[in-house]
Amino acid sequence: MINIDDKVIKDIKRGFNLPPKPELLERLQAELQQPEPELSHIAQLIATDLSTSAAVLKVINSPTYGMSRTITDIKQAVMFLGLDSVTQLVTSCLLQQAFEQTKCCISLERFWDTSSEIAAISTLIGKKVKSKVPPENLHMLGLFHDAGIPAMAVKYPDYVKLLDEANNNDIPLITLESKAYKTSHTVVGFYLASSWHLPKQTCQLILRHHDTEFLFEPHDQESLISYATLKMAENLVHTQKRFVSTPDWPHVKNEVLNVLEIDEDDYQDILEDTQDYFQERFG
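Residues numbered from 1 in each chain as written. Predicted model: local features only at pLDDT ≥ 70, side-chain atom pairs only at ≥ 80, totals over all residues. Heavy atoms only, no water.

J.: Which residues make up the nonpolar core, and what values do they have?
T.: Where a protein is soluble and globular, its nonpolar side chains tend to be buried together. If you look at the biggest cluster of nonpolar residues, it comprises 93 residues, and the most contacted ones within it are I125, F144, Y159, M232 and L260. In this structure, Y159 is in contact with C105, I149, M152, A153, L173, E177, Y181 and H185, ignoring residues within four places of it in sequence. (Core = buried A, V, L, I, M, F, W, Y, C linked by side-chain atoms within 4.5 Å. Buried < 20%, exposed > 50% of the residue type's maximum accessible area, 1.4 Å probe, protein only. Contact = heavy atoms within 4.5 Å.)

J.: Could you give me a rundown of the packing of helix α12 (residues 185–195) against helix α13 (residues 200–208), with the residues and numbers involved?
T.: Angle between the axes and distance between the axes: these two values describe a pair of packed helices. With their axes 7 Å apart at the nearest point, α12 and α13 run at an angle of 165° to one another. With respect to each other, α12 and α13 are oriented roughly antiparallel. When the axes of α12 and α13 are compared, the crossing they make is right-handed. Contact residues: T186, V187, G189, F190, A193 and S194 in α12; C203, Q204, I206 and L207 in α13. (Axes fitted to C-alpha atoms, helices over the stretch in contact; angles between N-to-C directions. Helix = DSSP H or I, 4+ residues; strand = E, 2+ residues; numbered from the N terminus. Parallel < 35°, antiparallel > 145°, perpendicular 65-115°, else oblique. Left-handed = near helix turned anticlockwise from the far one by under 90°.)

J.: Could you give me a rundown of α13, with the residues and numbers involved?
T.: Turning to α13, its buried residues number three or more, namely T202, C203, L205, I206, L207 and R208. The inward-facing, buried residues of α13 contact α8 (135–144), α12 and α14 (221–242).

J.: Describe a negative patch on the surface, and please don't skip the residues or the numbers.
T.: On the surface, a cluster of negative charge is made up of D263, D265, D269, E272, D276 and E280. Mapped onto the fold, E272 is located in helix α16 (residues 264–282). By relative accessible area, which is 45% here, E272 ends up partly exposed. (Patch = residues over 30% accessible without salt bridge, like charges linked within 9 Å, V, L, I, M, F, W, Y side chains within 5 Å. Areas by Shrake-Rupley, 256 points an atom, 1.4 Å probe, with all protein chains shown as cover. Salt bridge = Lys/Arg side-chain N within 4 Å of Asp/Glu carboxyl O. Lys, Arg positive; Asp, Glu negative; His and termini not counted. Charge placed at Lys NZ, Arg CZ, Asp CG, Glu CD.)

Keep in mind these values describe shape, not function.
Now the structure itself:
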């Protein structure tokens, strides 16, 4: 179990130059707190940011999202998906724009590609298992779960060596981080998500996503399903790109299948869908 106390938060606040919450998100969250949020006003607000609008529509219209018709503008998206869902997608898109490549020792493009793939496979799994968790929640967790990594890479110029060591030796990254820096990307990601006022449940899942005890503890069903979906998506994407399982997977596989109420055959089906997704993506 990971405990976050005030000292940890102070250390992160002092030591990390994390991207501030964007003004668009600030205004969106303020609108959502109104007694009767105005749909058209919120759609207008999002539409003023062209790159974010385009990114949101691209996600909604992707095959993994499974919409029965093409959504052509933000107003339609708000009408179809509702305010909370669209806000989650806007937040995900803004996050990708928040870090600057110039100050970072890793390729952010490659990092966001992998995060986007995990987000897409998370929504695909959600659809396959007929999950009760809204797809945009799974998408946001998939995209945001490792957001502490670019923050670590901005702060520590040698961080890329640590990532290589974790990838090449299949050592859990947080083990190496804790040893080298006395903190980890899960803690930094939790702080970033909290400061952007993401849902508390999402913040907790970001903090705990490498904690293999999570599925064996009493949590609400949505948290368990979200965690299980993320771990499966991480493993499927990792397997596609590196041809080995994630270090966490052997410890959680049985319980992930159990929580998602699927068996090995169902898992193989989802694996084939993942291969199709990568085939379409890269040809």
